[in-house]
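Per-entry structural report
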Amino acid sequence: MNTVLAGRLSSSLLSQGLKSGIGIAIGYMPVAFTFGLLAKSSGLSLFETVSMSVLVFAGASQYIALTLIAAGIGALEIITTTFIVNIRHLLMSASISEKAEADPKWLKALYSFFITDETFLVAATRNEKIQAAYMLGIGIIVYGSWVVFSGVGYLIGAGLPTILQESMGIALYAIFIGLLVPSAKTSKKVIMLAAIAAVINSILTFASTMSTGWTIILSTLIASIVIEMLWKGEHQNA
Amino acid sequence: MLESYIWVIIGMAVVTFIPRMLPLVAFQMDTIPPFVRGVLKNVPYAILGALIFPGIITFNENSWLGIIGAITAFIAAYLGASLIIIVLVSILSLSLIGFVLI
């Protein structure tokens, strides 16, 4: 073990990451819990349910896979749909690479597994560069919550009151709003980016037959490019 | 039959990991033009907008639940609450409304 690597994986950065991840970990609990509950009613075994959370670790596509499995859809179509839903991670990964510290490639590959909408956003809306130890910290706590509560939901989910089950659907949106508002308070550019993408995505969702995966990618790209053209010369405080 | 799901899950895992990993490992940032870098910096905020709308209106059959939850989260976030508090407060507000209405 060389000292350079030990420096990269400093424990203070790791615990910073763990701290930043707590909010997301709590937000994931109800979502993972509900996933476990639905997996059971879709006919998956406990082993398959937990395996999906361990190996895939991507909420939206796991939900969609359950719907497809329950409908008896074939393997190839499930995998293709998963790919389309998750292709937006390409954008996030590229965006992180713009902010990433020069860590070794294997380390980047390792923490890239933990890129989700929420972990990406927490890391990307911070002012600092993205370091491997920090991302691993967020990843460990959030991943742990996702995997454990998928299993818990499978085992005891059906016993929960419906009102609570329905209310939990708000959790991820609360995270998104909680991440957007502080940045939007200080930057008009942030407000414009979010507003334009929101409008385009709403139009595409209601007026086209494109799947959610594609509408999010397209609206994000259009908003990011248009604003970059209008805001030239103001690169510093994005 | 049940055994085959494991292969579906492994397939899902592969096609999910590749887009996560590839740009981060393969991009050489010093060779990327400033305009593209600017666009990549914009991505987080744009994607937030797209993830919130229209999903927040449609996640429940009753759109009001999403709207009320969104307003609660917005107020909490505007007052500077931490992410944990924002999540808990918005779940709580919807549960309370559910109890009152029923």
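Scoring rules and cut-offs
By convention here, each chain's residues receive numbers from 1 onward along its written sequence. Naming scheme: in the order in which they are written, chains are lettered from A and ligands are numbered from 1. Under the rules for a predicted model, residues below a pLDDT of 70 receive no local features and side-chain atom pairs below 80 are neither given nor counted, while totals for whole chains, interfaces and linings still include all residues. Where side-chain values are given, they derive from all heavy atoms of the structure, hydrogens and water being excluded. Secondary structure elements follow DSSP: runs of H or I of four or more residues count as helices, runs of E of two or more count as strands, with numbering from the N terminus. A helix is expected to span 1.5 Å for every residue after the first. Only protein chains enter the accessibility calculation, which uses a 1.4 Å probe; a residue is then buried when its area is under 20% of its type maximum, exposed when over 50%, and partly exposed in between. When checking whether two residues touch, look at their non-hydrogen atoms; a contact exists if any pair is within 4.5 Å. Distance and chemistry together define a polar contact, namely a pair of N or O atoms within 3.5 Å, with one atom able to donate a hydrogen and the other to accept it when in protein, and with adjacent residues in sequence counting only for side-chain atoms on both sides. Residue ranges labeled as domains rest on an automatic or database domain assignment. By buried area we mean the combined loss of accessible area, with a 1.4 Å probe, across both parts when two parts are placed together. Note on definitions: salt bridges are taken to be side-chain nitrogens of Lys or Arg within 4 Å of carboxyl oxygens of Asp or Glu.

Moving on, we come to helix α5 (residues 83–101) of chain B. For α5 of chain B, which comprises 19 residues, the first-to-last C-alpha distance of 27 Å matches the rise-based estimate of 27 Å (1.5 Å per residue) to within 8%. All of the buried residues in α5 of chain B are Leu83, Ile86, Val87, Ser90, Ile91, Ser93, Leu94, Ser95 and Gly98 of chain B. Its buried side turned inward, α5 of chain B meets α2 (11–41), α8 (117–124), α10 (162–167) and α11 (171–186) of chain A together with α4 (63–78) of chain B.

It is worth spelling out the environment of Trp146 of chain A at this point. All names here are of chain A. Inspection of the secondary structure puts Trp146 in helix α9 (residues 132–156). The exposure class of Trp146 is buried, given its relative accessible area of 2%. Note: C-alpha distance between Trp146 and Val85 (61 residues apart in sequence) is 19 Å. Residues in contact with Trp146, not counting those within four places in the same chain, are Tyr28, Val31, Ala32, Ser53, Phe57, Gly59 and Gln62. Side chain to side chain, Trp146 and Ser53 meet in a polar contact 3.4 Å long.

What follows concerns the domain arrangement of chain A. All names here are of chain A. Segmenting chain A into domains produces domain 1 (9–168) and domain 2 (187–238). In this structure, domain 1 and domain 2 have C-alpha centres spaced 24 Å apart. Listed per partner, the contact involves five residues of domain 1 and seven residues of domain 2. Taking both partners together, domain 1 and domain 2 bury about 490 Å²; carbon and sulfur atoms supply 88% of that area. It is Ile84, Arg88 and Leu91 in domain 1 that bury the most area against domain 2; as a group they hold 77% of the surface buried on that side. If you look at where domain 1 meets domain 2, you find zero salt bridges. Put simply, domain 1 and domain 2 have zero residue pairs in polar contact (both at pLDDT 80 or more) between them.

Here we take up the interface of chain B and chain A. Contacts between chain B and chain A engage 65 residues on the former and 93 residues on the latter. Roughly 7000 Å² of surface becomes buried between chain B and chain A when both sides are summed, with 78% attributable to carbon and sulfur atoms. For chain B, the biggest contributors to the area lost against chain A are Arg20, Leu24 and Tyr45 of chain B; these three give 13% of the whole. Here chain B and chain A share one salt bridge between them. Scanning the region where chain B abuts chain A turns up 17 residue pairs in polar contact (both at pLDDT 80 or more). Mapped by element, the contributors of at least two residues to the side of chain B that touches chain A are α1 (2–26), α2 (34–52), α3 (55–58), α4 and α5 of chain B.

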